[in-house]
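Geometric and topological summary
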Amino acid sequence: MPVIGIVDTTFARFNMGKAAMDEIQKHASIKIIRRTVPGIKDLPVAAKKLIDEERCVIVMALGMPGAKDKDKICAHEASTGIIQAQLMTNTHIIEVFVHEDEGNDEKELAFLMEQRSREHALNVVKMLFKPEQLIKEAGTGQRQGYRDVGPARV
């Protein structure tokens, strides 16, 4: 049976890992291994360890970069590390970041963090068990956390 890895952070202001696990368990009976690290720069190695040591077939890396310029630089570095870990392991690591300044207030930020976590968790289920569904959604302007925008019209 395939194993899904989830790694999230203590820096995030919402329990993104819990939301992702809950959503996966609604749609699939599958083993999930969860790890939590301090911040987003710790996500790449934690995700790689889930793949290498726990034999996860896919991993979700969830985190909340802060709102400052240096936080955006850290998010870029973490994202680069996640890409490198994917290439080193030939395994998808679904990056789920919500920047602290994406929400206009705390309520909107929490909503966005939950929705993005859940919608990407559903993408993980589709990637593993329903890849044809993702093919049907190609080019449809899906947005995780926000309202979908639909396809571009000519």
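Residues numbered from 1 in each chain as written. Predicted model: local features only at pLDDT ≥ 70, side-chain atom pairs only at ≥ 80, totals over all residues. Heavy atoms only, no water.

With that out of the way, let us pick up unusual backbone geometry. Even without a glycine there, the phi angle at Arg55 is positive, about 60°. Within the element layout of this structure, Arg55 appears in the loop between helix H2 (43-54) and strand S3 (58-63). Of note in the backbone geometry, Asn90 takes a positive phi value of approximately 55° without being a glycine. Judged by its relative accessible area of 74%, Asn90 falls in the exposed class. (Helix = DSSP H or I, 4+ residues; strand = E, 2+ residues; numbered from the N terminus. Buried < 20%, exposed > 50% of the residue type's maximum accessible area, 1.4 Å probe, protein only.)

As a further point, take the nonpolar core. Counting residues in hydrophobic clusters, the biggest one holds 23 residues, and the most contacted among them are Ile4, Ile6, Ile24 and Met60. Broken down by secondary-structure element, the contributors of at least two residues to this core are strand S1 (3-9), helix H1 (16-27), S3, strand S4 (93-97) and helix H4 (106-129). With 6 residues, the single largest contributor to this core is H4. With near-sequence residues (within four places) excluded, Ile24 lies in contact with Ile4, Ile6, Ile30, Ile32, Met60, Ala121 and Val125. Among the nonpolar cores identified, the runner-up in size contains 19 residues, and Leu50, Cys56, Ala61 and Ala85 belong to it. (Core = buried A, V, L, I, M, F, W, Y, C linked by side-chain atoms within 4.5 Å. Contact = heavy atoms within 4.5 Å.)

Turning our attention to the environment of Ala46. Examined against the element boundaries, Ala46 turns out to sit in helix H2. Separated by 34 residues in the primary sequence, Ala46 and Ala12 have C-alpha atoms spaced 16 Å apart. Ignoring sequence-local partners within four residues, the contact set of Ala46 consists of Val7 and Val37.

The N-to-C vectors of H1 and H4 enclose an angle of 40°; their axes lie 8 Å apart at closest approach. It follows that H1 is oblique to H4 by the angle criterion. Here the hand of the crossing between H1 and H4 comes out right-handed. Residues Met16, Ala19, Ala20, Asp22, Glu23, Ile24, Lys26 and His27 of H1 form the contact with H4, whose own contacting residues are Met113, Glu114, Ser117, Arg118, Ala121, Leu122 and Val125. Of the residues assigned to the contact of H1 with H4, the class counts are 8 nonpolar, 2 polar and 5 charged. (Axes fitted to C-alpha atoms, helices over the stretch in contact; angles between N-to-C directions. Parallel < 35°, antiparallel > 145°, perpendicular 65-115°, else oblique. Left-handed = near helix turned anticlockwise from the far one by under 90°. Nonpolar A, V, L, I, M, F, W, Y, C, P; charged D, E, K, R; others polar.)

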